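Secondary and tertiary structure notes
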2 protein chains.
Amino acid sequence: MRSIKEALDHRYGDFPHPVDPQLEGSSFLRGLASRGACRRFRDEPVPRALIDTLAALALAAPTKSDLQQRDILIIEDAAIRERIDTLLAAQDWIPKAPHFLVFLGNNRRQRQVHDWTGIPFANDHLDAFFNASVDAGIVLTSFVLAAEAAGLGCCPVSVIRNHAQEVSDLLGLPGHVFPVAGLGFGWPQGPSYISLRLPLEATLHRDRYRDCTREMVTAYDRRRNDVFPYRQQRNVARFGKSDSYGWSEEKARQYAEPERADFGGFVNARGFNLS
Amino acid sequence: MRSIKEALDHRYGDFPHPVDPQLEGSSFLRGLASRGACRRFRDEPVPRALIDTLAALALAAPTKSDLQQRDILIIEDAAIRERIDTLLAAQDWIPKAPHFLVFLGNNRRQRQVHDWTGIPFANDHLDAFFNASVDAGIVLTSFVLAAEAAGLGCCPVSVIRNHAQEVSDLLGLPGHVFPVAGLGFGWPQGPSYISLRLPLEATLHRDRYRDCTREMVTAYDRRRNDVFPYRQQRNVARFGKSDSYGWSEEKARQYAEPERADFGGFVNARGFNLS
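Residues numbered from 1 in each chain as written. Chains lettered and ligands numbered in written order. Predicted model: local features only at pLDDT ≥ 70, side-chain atom pairs only at ≥ 80, totals over all residues. Heavy atoms only, no water.

The subject of this paragraph is the sheet that holds strand 1 (residues 70-75) of chain A. With mixed pairing, the 5 strands of this open sheet are ordered in space as 3(A)-4(A)-2(A)-1(A)-5(B). The strands lining the two open edges of the sheet, one partner per strand, are strand 3 (153-157) of chain A together with strand 5 (204-206) of chain B. On average, each strand axis in the sheet is tilted by 25 degrees relative to the strand beside it, whichever way the strands run. Summarising the sheet, strand 2 (residues 99-106) of chain A and strand 4 (residues 177-186) of chain A pair through 8 bridges and their orientation is antiparallel. By the bridge assignment for strand 4 of chain A, F100(A) is matched with G184(A). Docked against the sheet, helix 7 (residues 126-149) of chain A engages strand 1, strand 2, strand 3 and strand 4 of chain A, running at close to 10 degrees with respect to strand 4 of chain A. (Pairing = 2+ DSSP bridges. Helix = DSSP H or I, 4+ residues; strand = E, 2+ residues; numbered from the N terminus. Axes fitted to C-alpha atoms, helices over the stretch in contact; angles between N-to-C directions. Contact = heavy atoms within 4.5 Å.)

Right under this line is the structure:
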């Protein structure tokens, strides 16, 4: 495994500090520095006790105001899994992931507590959806980092939101409970790649927001292409072939097509007020 | 430090599996099992190089579709920090936290990329706000877990959202950039408490959602009170004194008063379409 310093230099183009040898001694922090998504797995199941342990560890992460507005749903039933795989078939690695789970935002429990105590719920506005969403993202992250520390490989699956209603029906989600992300995981076939990230001058600010410039993104596009050039260009029918195709062109093309335009409608139908 | 098994038994009331000795050998996983918020710090600064390293490690966490719609803003300027402390004065530990940073959702960069490439942005709906929010929650979590692995104590601060507009003005946040959470951190004065969590039967589902019952919550209220009874009851003027005051009563009373009812208006004013 690379040192933290090497991994950060590689990931950001340059990391401007030496890294404390004590940090370098933490296998968790070294792993975090070098981590990446895993989409190729060995054909070997992960014991249920290990999955449950990782879920219990993940749920130890912070939660807004101790409200615990997030849950984990582990898919074990082969028929349900097959249905999920079919819904998400556009990502061909998903059916081959040995395990799949779904992170849920859950504002239902809070409302139940109000019903049970007879105390009115006075916060039926954007906050209810927002807090549960962020809480689910928090537990997703702690699951991934715990799983990676246990030697597993993971890939979060946000495309599950493109089928939010079907997934909710399939998993029997009641009102005010919604899928935030899926996660495919298992024992990795090999090490993950370090996905290069925008330079820290674009994403790490001091005291006041500093705008990202076109030059920063262009340099990032080039740096990525030197390591992992895109093998295919997206939507050539609409945009043609680009000679300088990179991250920014890829992401702009991706969001040039409406995706999840019905997600707000779905969230409303779950009972949330988004104003 | 407790073993993972002991910590999970304590946190959830019962953890139904033995824990693999190899997991017990990971100091990161043992720390995660026993982790908790820290609000009491030694009066000793954290070196800037360490904070930057943790930020760079945190930004290595997953990000939806590689879009990197989240940033970290470190507050170093004493005048800005003082203004933040004043805004958040309701939480008296915050001014004593040696360091403070803010996790930002950032959908602005994506829109800039569309401007620069001349490719239209076709996803001006809830998704834009949602993805950036979850991405910020992901980076918050990886920062906290990395900082704890480095020996620091942390407490996320969601109350910053109660002052979202003032904080945005203070930090010079442009449109489509918004604060998701703050974080106070430093060297801890002592070990953290393990905050007890709802039983796994309420938050960990298999294949289909299983509803939380009143009995589960009542048992949880009792179990918490055996360890950390609430020292004060909330809003006694409105609700009176309760003999069985516990987590559910506390949380229902908290959300019986409108909080952040203007957050949707703030997010709209940042330029987001929430439908």
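What follows continues from the structure just given.
On to the nonpolar core, then. Judged by nonpolar contacts, the single largest core of 116 residues is most densely connected at I72(A), F129(A), F143(A), I72(B), F129(B) and F143(B). For F129(A), the contacting residues outside a window of four places in its chain are F178(A), F263(A), V267(A), F272(A), L274(A), L126(B) and F130(B). (Core = buried A, V, L, I, M, F, W, Y, C linked by side-chain atoms within 4.5 Å. Buried < 20%, exposed > 50% of the residue type's maximum accessible area, 1.4 Å probe, protein only.)

What follows covers the sheet that holds strand 2 (residues 99-106) of chain B. Ordered in space as 5(A)-1(B)-2(B)-4(B)-3(B), the 5 strands form an open sheet in which the pairing is mixed. Looking at strand neighbours, the two that pair on one side only are strand 5 (204-206) of chain A together with strand 3 (153-157) of chain B, the edges of this open sheet. Between one strand axis and the next, the sheet turns by 25 degrees as a mean value, whatever way the strands run. The sheet contact formed by strand 1 (residues 70-75) of chain B and strand 2 of chain B spans 6 bridges and is antiparallel. Along strand 2 of chain B, the bridge assignment pairs L73(B) with V102(B). Together, strand 1, strand 2, strand 3 and strand 4 (177-186) of chain B form the strand contacts of helix 7 (residues 126-149) of chain B, whose direction differs from that of strand 4 of chain B by roughly 10 degrees.

Listed by partner, the interface residues are 125 residues for chain B and 125 residues for chain A. Both faces considered, chain B and chain A share a buried interface measuring about 10700 Å² in area, 62% of it formed by carbon and sulfur atoms. The three residues of chain B that bury the most area against chain A are D207(B), Y209(B) and Y255(B), which together make up 8% of that side's buried surface. The interface formed by chain B and chain A contains 10 salt bridges. The salt bridge partner of D66(A) is R224(B), with a shortest N-O separation of 2.8 Å. Counting across the interface, chain B meets chain A through 76 residue pairs in polar contact (both at pLDDT 80 or more). For the side of chain B that touches chain A, the element with the most residues is helix 7 of chain B, which contributes 16 residues. In the side of chain B that touches chain A, the residues fall into 70 nonpolar, 26 polar and 29 charged. Summarising the sheet, strand 1 of chain A and strand 5 of chain B pair through 3 bridges and their orientation is parallel. When the sheet's bridge partners are listed, I72(A) is paired in strand 5 of chain B with L204(B). (Buried area = accessible area lost by both parts, 1.4 Å probe. Salt bridge = Lys/Arg side-chain N within 4 Å of Asp/Glu carboxyl O. Polar contact = N/O pair within 3.5 Å; in protein donor to acceptor, adjacent residues only side chain to side chain. Nonpolar A, V, L, I, M, F, W, Y, C, P; charged D, E, K, R; others polar.)

To continue, consider the packing of aromatic side chains. A full pass over the atoms with the stated rule returns 27 aromatic pairs over all chains. Aromatic side chains Y230(A) and Y245(A) sit 5.7 Å apart centroid to centroid with 90 degrees between the ring planes, which places their arrangement in the edge-to-face category. Here Y230(A) is found in the loop between helix 10 (214-227) and helix 11 (236-239), whereas its partner Y245(A) is found in the loop between helix 11 and helix 12 (247-254), with 15 residues between them in sequence. Taking relative accessible area as the criterion, Y230(A) reaches 25% and is therefore assigned partly exposed. What makes Y245(A) buried here is its relative accessible area of 6%. Members of the aromatic cluster, each reached through a chain of ring pairs, are F129(A), F178(A), F263(A), F266(A), F272(A) and F130(B). (Phe/Tyr/Trp six-rings, centres within 6.5 Å; stacked < 30°, edge-to-face > 60°.)

Residue and element names in this part refer to chain A. For helix 5 (residues 78-87), the complete set of buried residues consists of I80, R81, I84, D85 and L87. Relative to the axis of helix 5, the buried residues are bounded by an arc of 160 degrees and lie together on one face. Exposed and oriented more than 90 degrees from the buried face of helix 5 are A78, A79 and E82. Along its buried surface, helix 5 packs onto strand 1, strand 2 and helix 8 (164-171). Capping the start of helix 5, D77 holds a side-chain oxygen 3.0 Å from the backbone nitrogen of A79, two or three residues further along. (Arc of directions from axis to C-beta.)

Before going further, it helps to examine the pairing of strand 3 of chain B. Residues and elements named next belong to chain B. Strand 3 sits mainly inside the fold: 4 of its 5 residues count as buried. Pairing geometry for strand 3 and strand 4, over 5 bridges, is antiparallel. The residue of strand 4 that forms the bridge with P156 is L183.

With respect to the helices and strands, the residue A252(B) is situated in helix 12 (residues 247-254). By relative accessible area, A252(B) is classed as buried at 0%. Along the chain, A252(B) and I194(B) lie 58 residues apart, while their C-alpha atoms are 22 Å from each other. Once residues lying within four places of it in the same chain are set aside, the contact partners of A252(B) are Q110(A), V113(A), H114(A), T117(A) and I119(A).

To continue, consider the pattern of salt bridges. Should their charged atoms come close, side chains of opposite charge can pair. Scanning the entire structure with this criterion turns up 32 salt bridges over all chains. Note that R81(A) is salt-bridged to D85(A), the shortest N-O span being 2.8 Å. Here the residue R81(A) and the residue D85(A) both occupy positions in helix 5, the gap between them amounting to 4 residues, near one helical turn. Residue classification places R81(A) among the buried positions, given a relative accessible area of 11%. Here D85(A) falls in the buried class, since its relative accessible area comes to 12%. Three or more residues are tied together by salt bridges with common partners; here these are R48(A), D52(A), E76(A) and R206(B).

Positionally, R70(A) belongs in strand 1. Here R70(A) is buried and forms no salt bridge, its nearest opposite-charge partner D71(A) lying at an N-O distance of 4.4 Å. Separated by 3.3 Å, the side chain of R70(A) and the backbone oxygen of L59(A) make a polar contact. For R70(A), the contacting residues outside a window of four places in its chain are L59(A), T63(A), L104(A), N106(A), R109(A), D135(A), A136(A), V139(A), R197(B) and T203(B). (Lys, Arg positive; Asp, Glu negative; His and termini not counted.)

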